[in-house]
Amino acid sequence: MSYRRSLALQSRMVADRQAGLIPDLLLCGEHPHVITLGVSARHRRANVLASRSVLQSRGIDLYEAPRGGDVTYHGPGQLVAYPVLDLKPERCDIHRYVRDLEEVVIRTVHEFGVEAARVAGLTGVWVGNDKLAAIGVRVSRWVTSHGFALNVNTELEYFSLIRPCGIDGRGVTSLARLTGAPVSLDAVIDALARSFALVFDRDLVFRE
Amino acid sequence: MATSVLMPQLGESIAEGTIVRWNKRVGETVDRDEPLFEISTDKVDAEIPSPAAGVVTEIRVAEGETVPVDTVVAFIADEDDATDGPSPAPADLVPEATNSGSEPAPGRVLTSPVPSPARGPSRTTQSSPIVRRLAHEHGLDVSTIVGTGDRGRVTKEDVLSAVEMGDQESGATDRVEPMSVMRRRIAEHMVASRRTSAHVHTVFDVDFSRVEALRMSHKTAFEASAAKLTYLTFVAKAVVDAVQDVPVVNSSVDNDSVVYRKDVNLGIAVALDRGLIVPVVKRAQDRTMAELSQGIGDLSRRARDKQLNPDDVAGGTFTITNPGVFGSIVGMPIINQPQVAILCVGAVERRPAVVANEVVAQTRSYLTLGFDHRVIDGAVADRFMGIVKRNLEQFDESLL
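For the structure given in this document, a descriptive report is provided here. (Residues numbered from 1 in each chain as written. Chains lettered and ligands numbered in written order. Predicted model: local features only at pLDDT ≥ 70, side-chain atom pairs only at ≥ 80, totals over all residues. Heavy atoms only, no water.)

Time to look at the pairing of strand 8 (residues 130-140) of chain A. All names here are of chain A. With 10 of 11 residues buried, strand 8 lies mostly within the body of the structure. Direction of pairing for strand 7 (residues 122-127) relative to strand 8: antiparallel, over a ladder of 3 bridges. Bridged to Trp 126 within strand 8 is Lys 131. The antiparallel pairing of strand 7 with strand 8 creates a hairpin that spans 2 residues between the two strands, and Gly 128 there sits at a positive phi of about 60 degrees. Across 2 bridges, the pairing between strand 8 and strand 10 (residues 171-172) is parallel. (Buried < 20%, exposed > 50% of the residue type's maximum accessible area, 1.4 Å probe, protein only. Helix = DSSP H or I, 4+ residues; strand = E, 2+ residues; numbered from the N terminus. Pairing = 2+ DSSP bridges.)

It is worth spelling out the nonpolar core at this point. Grouped together as the largest cluster of nonpolar side chains are 54 residues, with contacts concentrated most on Phe37(B) and Val73(B). Examining the composition of this core, we find that 8 residues originate from one element, helix 3 (residues 94-110) of chain A, more than from any other. The residues touching Phe37(B), leaving out its near neighbours within four places in the chain, are Val5(B), Leu6(B), Pro8(B), Ile19(B), Arg21(B), Trp22(B), Asn23(B), Ala46(B), Glu47(B), Ile48(B) and Val73(B). Core analysis: the second largest hydrophobic core is formed by 49 residues, Val240(B), Val246(B), Leu343(B) and Phe395(B) among them. (Core = buried A, V, L, I, M, F, W, Y, C linked by side-chain atoms within 4.5 Å. Contact = heavy atoms within 4.5 Å.)

On to the interface of chain B and chain A, then. Between chain B and chain A, the contact holds 29 residues from the first and 32 residues from the second. Overall, the association of chain B and chain A removes approximately 2,500 Å² of surface from exposure, summing both partners, and the carbon and sulfur fraction of that is 44%. For the chain B face of the interface with chain A, the top three residues by lost area are Lys43(B), Asp45(B) and Gln307(B), together amounting to 28%. Summed over the shared surface of chain B and chain A, the number is 4 salt bridges. Our count for the contact surface shared by chain B and chain A stands at 9 residue pairs in polar contact (both at pLDDT 80 or more). When contributions to the side of chain B that touches chain A are tallied by element, the ones reaching two or more residues are strand 2 (16-22), strand 4 (35-41), strand 5 (44-49), helix 2 (129-137) and helix 7 (289-304) of chain B. Among the elements that line the side of chain B that touches chain A, the one with the most residues is strand 5 of chain B, at 5 residues. Of the residues contributing to the side of chain B that touches chain A, the split by class is 9 nonpolar, 6 polar and 14 charged. Pairing between strand 8 of chain A and strand 5 of chain B: 4 bridges, direction parallel. (Buried area = accessible area lost by both parts, 1.4 Å probe. Salt bridge = Lys/Arg side-chain N within 4 Å of Asp/Glu carboxyl O. Polar contact = N/O pair within 3.5 Å; in protein donor to acceptor, adjacent residues only side chain to side chain. Nonpolar A, V, L, I, M, F, W, Y, C, P; charged D, E, K, R; others polar.)

Turning our attention to the side chain of His31(A). Residues and elements named next belong to chain A. Within the secondary structure, His 31 sits in the loop between strand 1 (25-29) and strand 2 (34-37). Note on His 31: relative accessible area 3%, which makes it buried. Polar side-chain contacts of His 31 include one of 2.8 Å to the backbone oxygen of Met 1. Within the structure, His 31 has its side chain in polar contact with the side chain of Tyr 82 (distance 2.8 Å). What His 31 contacts, discounting residues up to four positions off in sequence, is Met 1, Ser 2, Tyr 3, Ser 6, His 74, Gly 75, Pro 76, Val 80 and Tyr 82.

Strands pair in a sheet through their backbones, by hydrogen bonds, and they do so in one of two ways: parallel or antiparallel. Residue and element names in this part refer to chain A. Spatially, 3 strands are ordered 3-2-4 in an open sheet, and the strand pairing comes out mixed. Bordering the open sheet on either side are strand 3 (61-64) and strand 4 (71-74), each of which pairs with just one other strand. Neighbouring strand axes in the sheet, compared pairwise and without regard to direction, differ in orientation by 25 degrees on average. Where strand 2 meets strand 4, 4 bridges bridge the pair, whose relative direction is antiparallel. Across the sheet, residue Thr 36 finds its bridge partner in strand 4, namely Thr 72. Contacts from helix 1 (residues 3-18) reach strand 2, strand 3 and strand 4, with the element oriented near 25 degrees to strand 3. (Axes fitted to C-alpha atoms, helices over the stretch in contact; angles between N-to-C directions.)

Once that is clear, we can look at the pairing of strand 7 of chain A. Residues and elements named next belong to chain A. Counting buried residues along strand 7, 5 of its 6 residues qualify, which places the element largely inside the surrounding structure. In terms of strand pairing, strand 6 (residues 117-119) meets strand 7 through 2 bridges, oriented antiparallel. When the bridges of strand 7 are listed, Ala 117 appears paired with Trp 126. Hairpin geometry of strand 6 and strand 7 is characterised by an intervening segment of 2 residues between the two adjacent antiparallel strands and by a positive phi of about 85 degrees at Gly 121.

Our next topic: the packing of aromatic side chains. Here the structure, examined in full by the defined rule, presents 9 aromatic pairs over all chains. When the ring of Tyr3(A) is compared with that of Tyr63(A), the centres are 5.4 Å apart and the planes differ by 45 degrees; the resulting orientation is tilted. Taken together, the residues Tyr3(A) in helix 1 and Tyr63(A) in strand 3 connect sequence positions 60 residues apart. The exposure class of Tyr63(A) is buried, given its relative accessible area of 16%. Measuring from ring centre to ring centre gives 4.8 Å for Trp22(B) and Phe37(B), while their planes differ by 35 degrees; the resulting arrangement is tilted. In this pair, Trp22(B) is assigned in strand 2 and Phe37(B) in strand 4, connecting sequence segments 15 residues apart. In this pair, the class of Trp22(B) matches that of Phe37(B), namely buried. Grouping aromatic residues by their ring pairs yields a cluster made of Tyr73(A), Tyr158(A) and Phe159(A). Above the ring of Trp126(A), the side-chain terminus of Arg170(A) is found at 4.7 Å from the ring centroid. Between Arg215(B) and the ring centre of Tyr231(B), over which it is positioned, the NZ or CZ distance is 4.7 Å. (Phe/Tyr/Trp six-rings, centres within 6.5 Å; stacked < 30°, edge-to-face > 60°. Lys NZ or Arg CZ within 6 Å of the ring centre and 35° of its normal.)

As structure tokens, this is what we get:
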């Protein structure tokens, strides 16, 4: 799904969720190559290392995204998950929400034999010194959107175009790199949905 | 009357927020609940609705600035400002507020403030958890506060003005705080246990010298491959092994029957900021020291991170509580129903002991067994504790 379309879809779903027209949703998918800037990157783009023309020549779009966080990359082989959840009434704590998202990823990759962890002060999910999943969230009247991006079979060299999340001295990794073989995205979505249901105490209904 | 707009607290552990965007400028009108600004904290961008309808008269915190929770970030005034009696707005705001009332910006028609939404006959109070907590902190019941927010919602301002009024009326100092759900459940559980079991306690003085020595010599190797090697891990292992010899301590009472449980599902009491919880290490009898320590470490971590699943706290057959870490020497614990025994570990510390007629310093701890005299007699409890003591004082190094 194009990034632009995912923005439009999410903004509609957030409005519908706020109005109580739809249940909680978890959108999963992949984006074409795109670099997105969170609100922390709005006033300075120092963490985008490649020039606009370089990005253009490589067919990479650049978007400002209404989510928390700095800059990140999305592309084929990376699973993006965008929960549209109403956190009211019992989960109105955005730190808890972010820690819960991390827990979902930690449990998901655990099913593939990967032991990932949190790093205090550096939101996201890490394996050693490398980031496996990035988080950037928007909350509007306690309805969430945006979410996290988990590198499954991501071509990691694309991250060299940016300084991921504006953090120096750390790298990125993927499930495929950690397990030594490509991983089925559908299998990850399946594990992810189950972990998500468990952590957030929701029942699952799958829709194409 | 001017309304001050505060930096909201969007989570228990959040102390500050960064304003990343103002959706309104000074002089612009805003409706109640219309997005007024966006804040960012820990990778979350949150859109904050306006607490009142009116005109933005002052913006105190610029985009990009970070301020503590509850800092005033802006003021919103309605048109009645001048006639509305004493205003809580600070003095430096008054000229500007008056200005915006008498001299609207060119081309802009000031809309009338939106009237308060009519409240229906039923006062089912709506409020956010943060507002409810604020009310609790001030000993107020949210349902007694008149809400001025959307559909009668009680807002932070409503609570604060109720507090102000309360202070003026009574000058009361006692704080009434309704129990949290967790508090209520602990209370019910403890009283029910006292009512159910015939509690008896027996205290054993245990020499931890060998455990201490083993811990020191194996710590590095153990912790490289497994989790932390704590005294609690040794105690857990000693208890689980002793249960094999005295299975009744791992039973429960079902009417007129005693149910001897096949598995030792070991509950570990974990203290939390606002209570305690007892996650359970399942099938502890099949676990090595490393697996026990991993299990305990993982559960305590997830208990503190609020990541436990219902399954993690279910099915316990025996509980260990460890107030020694807080300095307690001897505890007298209440049994965790429907179990029949609970072991309490006092502080493991150096103290004098008599060995071969000499007073020497030793690392020791008082272990207490709280047991249910309905099914466990004193002699049986003491036999169990004797085995736990022996397992610890002569700890089998090959288990490590």
